[in-house]
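Inside the fold
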Amino acid sequence: KYTFGPVFVPSSTPSYMARYEAEHLRSMATQASEVLGGSAVLNLLQASGKEEIKGYGVLLAKYLKESCGPKRGCGQRTALWGLQRPPFRDVSTLLRVRATDDLGDRK
């Protein structure tokens, strides 16, 4: 009857069609080691061979770090917002990447 996965609220409708300039993504890629450390995510992004993809991964990682955990609202009402916690029951998230998958530009 109800969804039980993570919920992104509030989400900005215009952001669904957002677009980044390639130069901005390449500039963000220079922060990859600082933001991602020596993680497997960094290795995956580097495997794409594209600075734009690495830069997008940096932006996504920065967003997740900043948005995790409850944030206090403002005004007279008590409100907490931010990414919702995953369910308490045992669940997994799976990202499948095959050797034949194209990690390049999608147009």
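Everything below is about the structure printed above this text.
Residues numbered from 1 in each chain as written. Predicted model: local features only at pLDDT ≥ 70, side-chain atom pairs only at ≥ 80, totals over all residues. Heavy atoms only, no water.

Residue placement: Gly55 occurs in helix α4 (residues 51–67). With relative accessibility at 0%, the residue Gly55 sits in the buried group. Put simply, Gly55 and Leu45 are 10 residues apart on the chain and 8.7 Å apart in space, counted from C-alpha to C-alpha. With near-sequence residues (within four places) excluded, Gly55 lies in contact with Leu25, Met28 and Ala29. (Helix = DSSP H or I, 4+ residues; strand = E, 2+ residues; numbered from the N terminus. Buried < 20%, exposed > 50% of the residue type's maximum accessible area, 1.4 Å probe, protein only. Contact = heavy atoms within 4.5 Å.)

Attention now goes to the pattern of salt bridges. Here the structure, examined in full by the defined rule, presents 3 salt bridges. In this structure, Glu51 and Lys54 form a salt bridge, with 3.4 Å as the shortest nitrogen-oxygen distance. Note that Glu51 and Lys54 are positioned in helix α4 at a spacing of 3 residues, about one turn of the helix. Overall, Glu51 belongs to the partly exposed group, its relative accessible area being 36%. In this structure Lys54 comes out as buried when scored by relative accessible area, which is 12%. Several salt bridges converge on common partners, so that one network encompasses Glu23, Arg26 and Glu52. (Salt bridge = Lys/Arg side-chain N within 4 Å of Asp/Glu carboxyl O.)

Bringing the packing of aromatic side chains into the picture now. When we look at a pair of aromatic rings, we describe it by the centre distance and by the angle of the planes. This structure, assessed with the given rule, holds 1 aromatic pair. Arranged with centres 6.0 Å apart and planes meeting at 65 degrees, the rings of Tyr20 and Tyr56 form a pair that is edge-to-face. With Tyr20 in the segment before α1 (22–29) and Tyr56 in helix α4, this residue pair connects regions lying 36 residues apart in the sequence. (Phe/Tyr/Trp six-rings, centres within 6.5 Å; stacked < 30°, edge-to-face > 60°.)

Its place among the elements puts Ser48 in the loop between α3 (40–47) and α4. On the basis of relative accessibility, which here comes to 15%, the residue Ser48 falls in the buried class. Here the side chain of Ser48 touches Leu45 through a polar contact of 2.7 Å, landing on its backbone oxygen. (Polar contact = N/O pair within 3.5 Å; in protein donor to acceptor, adjacent residues only side chain to side chain.)

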